[in-house]
Amino acid sequence: MEIDTFDSLLAAHPGGVLLKLFVEAPALEVAEDAMREVVGEVLEQSELLSAWQITKCEVELHPEFAQQSLDAADGPDAPPADPVVRAAQHAEARAEATAVRLPGEEAEEMRVKVRAMAPRLTAFGLESFGWCEGDKESGVDREHAELAAGALVYAIDLLVDQLFHDVQTLSEAKTSVEECDGVLWYLDDLPEQFAAQYTVRFARRFLVTAVSLTGRLTRDDFVQLGCVAEQFLLNFLLREAGVVLDGYGLLYDGVASAWEVFAGEVLEEDGFGLWHETAGEDGERDATIAEAGSLDVDRWFAPFDGRSVIHPYAAAEGAEREIST
């Protein structure tokens, strides 16, 4: 029996991670069994996750589908003929007790923790996120600006750890992303037309670039993004921060607005454009992505100009190529 997975949500919390999968299955029991088996297999096959356990596994019927079934019933009290929908009705009565969600006290604890991390993003003040002291018309209040800044700091550990995982996965497979069957966090989200060029060497350079970039974000010597690889990485960091806050119910509209201001300042001020998953809403950004994507991936580590800071390990291959020519 085939089960289609069409979306997912992954969020970290103090006790581990929350994984929410959206699937299309003929019955709730089938969906739960299939997803438990798949996640268990991923944990078993990954050395880094081998000690992890599935502590809670529950399934819900999508509210929209449940409502459609209820609306189609003969009467308000008539049980649906479909046993799957009947099960959903029973589940609805105990939804508060069984829904996969973090307790309110954990969400509040996370909110306080993330806001406290905002000052560690020393390369940028809250004004870079749209907050202006004494100006209530700025559009972004202090709390949302602090959540936006603090979430980027919080997401640094996740980004770097998961890139280490990607490097290890490719190293063990001794292949490129195009031929790798292992689970990858970020490398398979890069432009797929270059998947054959995402080798172990590339992954290591990408990881070192991430360490260099995130280190500069937490110092006061940040000048600009240095290369195309850093553009990809900062967008991955923004995405990771969004997933973290969303998992705790903290992804407010104000936070999203703060990141828009930040992206406009950091990712577009130098004229190199912005790459992100929703590219296509902006024709100019699409053009910039296409131009960057047409480059050899080695050029992704080439400095934009003399002010660009590129880690020697990441830049070494490009430098050797320049010398040889």
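Note that the structure is predicted; figures quoted are calculated from it, not measured. (Residues numbered from 1 in each chain as written. Predicted model: local features only at pLDDT ≥ 70, side-chain atom pairs only at ≥ 80, totals over all residues. Heavy atoms only, no water.)

(A) Structural context of the overall build of the chain. Broken down by element type, the chain carries 11 helices and 2 strands. Counting helices and strands in the order they occur from the N terminus, the chain gives β-β-α-α-α-α-α-α-α-α-α-α-α. Total accessible area computed for the chain in this model is approximately 18100 Å², and 50% of it derives from carbon and sulfur atoms. (Helix = DSSP H or I, 4+ residues; strand = E, 2+ residues; numbered from the N terminus. Areas by Shrake-Rupley, 256 points an atom, 1.4 Å probe, with all protein chains shown as cover.)

(B) Layout of helix 1 (residues 28-45). Its 18 residues place the ends of helix 1 26 Å apart at the C-alpha level, agreeing with the 26 Å of an ideal helix rising 1.5 Å per residue. Three or more residues of helix 1 are buried, namely Leu28, Ala31, Ala34, Met35, Val39 and Leu43. Considered in projection along helix 1, the buried side chains sweep an arc of 165° and stay on one side of the axis. Residues Glu29, Asp33, Glu37, Glu44 and Gln45 are exposed on helix 1 and point more than 90 degrees away from its buried face. (Expected span 1.5 Å × (residues − 1). Buried < 20%, exposed > 50% of the residue type's maximum accessible area, 1.4 Å probe, protein only. Arc of directions from axis to C-beta.)

(C) Inspection of the confidence of the model for the chain at higher detail. Averaged over the chain, the pLDDT score is 77; the fraction of residues at 70 or greater is 73%. The element-level mean pLDDT for the chain is lowest in helix 4 (residues 95-98), coming to 36, with helix 7 (residues 200-217) highest at 94. For residues 93-101, every residue scores under 50 in pLDDT, and the model assigns this stretch 10 contacts once sequence neighbours within four places are set aside. pLDDT under 50 marks residues 269-293. Its contacts with residues more than four places away, or in other chains, come to 32 contacts. (pLDDT = per-residue confidence, 0-100. Contact = heavy atoms within 4.5 Å.)

(D) Here's a closer look at the environment of proline 119. With respect to the secondary-structure elements, proline 119 resides in the loop between helix 5 (104-117) and helix 6 (142-173). Residues proline 119 and valine 153 lie 34 residues apart in sequence; the distance between their C-alpha atoms is 9.2 Å.

(E) Helix 9 (residues 253-266), seen in detail. Over its 14 residues, helix 9 runs 20 Å from end to end, which matches the ideal 20 Å to within 8%, given 1.5 Å per residue. Where helix 9 is buried, its residues touch helix 6 and helix 8 (228-247).

(F) Region of the structure containing the nonpolar core. Ranked by size, the top nonpolar core spans 73 residues in total, and within it Phe129, Phe206, Trp259 and Trp300 carry the most contacts. Contributions of two or more residues to this core are made by helix 5, helix 6, helix 7, helix 8, helix 9 and helix 11 (312-324). The biggest single contributor to this core is helix 6, with 16 residues. When residues no more than four places from it in sequence are discounted, the contact partners of phenylalanine 206 are Leu163, Leu187, Leu190, Ala229, Phe232, Leu233, Phe236 and Phe301. (Core = buried A, V, L, I, M, F, W, Y, C linked by side-chain atoms within 4.5 Å.)

(G) Quick look at the packing of helix 8 against helix 9. Contact pair helix 8 / helix 9: the axes reach a minimum separation of 12 Å and the direction vectors enclose 170°. When the axis of helix 8 is compared with that of helix 9, the two are roughly antiparallel. Each of Leu234, Leu238, Ala241, Gly242 and Leu245 in helix 8 lies in contact with helix 9, whose residues at this interface are Val255, Trp259, Phe262 and Val266. When its residues are assigned to classes, the contact of helix 8 with helix 9 shows 8 nonpolar, 1 polar and no charged. (Axes fitted to C-alpha atoms, helices over the stretch in contact; angles between N-to-C directions. Parallel < 35°, antiparallel > 145°, perpendicular 65-115°, else oblique. Nonpolar A, V, L, I, M, F, W, Y, C, P; charged D, E, K, R; others polar.)

(H) Local environment of the pattern of salt bridges. The tally for this structure, following the rule as stated, stands at 7 salt bridges. Residue arginine 205 is joined to aspartate 298 by a salt bridge in which the shortest nitrogen-to-oxygen separation is 3.0 Å. Taken together, the residues arginine 205 in helix 7 and aspartate 298 in the loop between helix 10 (283-293) and helix 11 connect sequence positions 93 residues apart. Taken individually, arginine 205 and aspartate 298 each receive the classification buried, so the pair is uniform in this respect. Connected through shared salt-bridge partners, Glu108, Arg111 and Glu143 make up one network. (Salt bridge = Lys/Arg side-chain N within 4 Å of Asp/Glu carboxyl O.)

(I) Molecular detail of the side chain of glutamine 224. For glutamine 224, the location among the structural elements is in the loop between helix 7 and helix 8. A polar side-chain atom of glutamine 224 sits 2.4 Å from a polar atom in the side chain of arginine 307. If we ignore the near neighbours within four places in the chain, the residues touching glutamine 224 are Arg216, Glu230, Phe304, Asp305, Arg307 and Ser308. (Polar contact = N/O pair within 3.5 Å; in protein donor to acceptor, adjacent residues only side chain to side chain.)

(J) Highlighting the packing of aromatic side chains. Scanning the model with the defined rule gives 12 aromatic pairs in all. A ring pair is formed by phenylalanine 202 and phenylalanine 206, whose centres lie 5.6 Å apart and whose planes are at 15°; its orientation type is stacked. Linking phenylalanine 202 with phenylalanine 206, this pair stays in helix 7, spanning 4 residues, or about one helical turn. When its relative accessible area of 0% is taken as the criterion, phenylalanine 206 is described as buried. (Phe/Tyr/Trp six-rings, centres within 6.5 Å; stacked < 30°, edge-to-face > 60°.)

(K) Seen up close, the environment of tyrosine 252. Counting through the fold element by element, tyrosine 252 comes out in the loop between helix 8 and helix 9. Under the relative-accessibility criterion, tyrosine 252 is labelled partly exposed at 31%. Residues tyrosine 252 and alanine 148 lie 104 residues apart in sequence; the distance between their C-alpha atoms is 9.7 Å. Among residues more than four places away in sequence, those in contact with tyrosine 252 are His144 and Leu147.

(L) Quick look at the packing of helix 6 against helix 8. At their nearest, the axes of helix 6 and helix 8 sit 7 Å apart, and the two run at 110° to each other. One way to sum up the angle between helix 6 and helix 8 is to call them roughly perpendicular. Note on packing geometry: the crossing formed by helix 6 with helix 8 is right-handed. Touching Leu147, Ala151, Leu152, Tyr154, Ala155, Ile156, Leu158, Leu159, Gln162 and Leu163 of helix 6 are Leu233, Phe236, Leu237, Leu238, Glu240, Ala241, Val244 and Leu245, all from helix 8. Here the contact of helix 6 with helix 8 is built from residues that sort into 16 nonpolar, 1 polar and 1 charged. (Left-handed = near helix turned anticlockwise from the far one by under 90°.)

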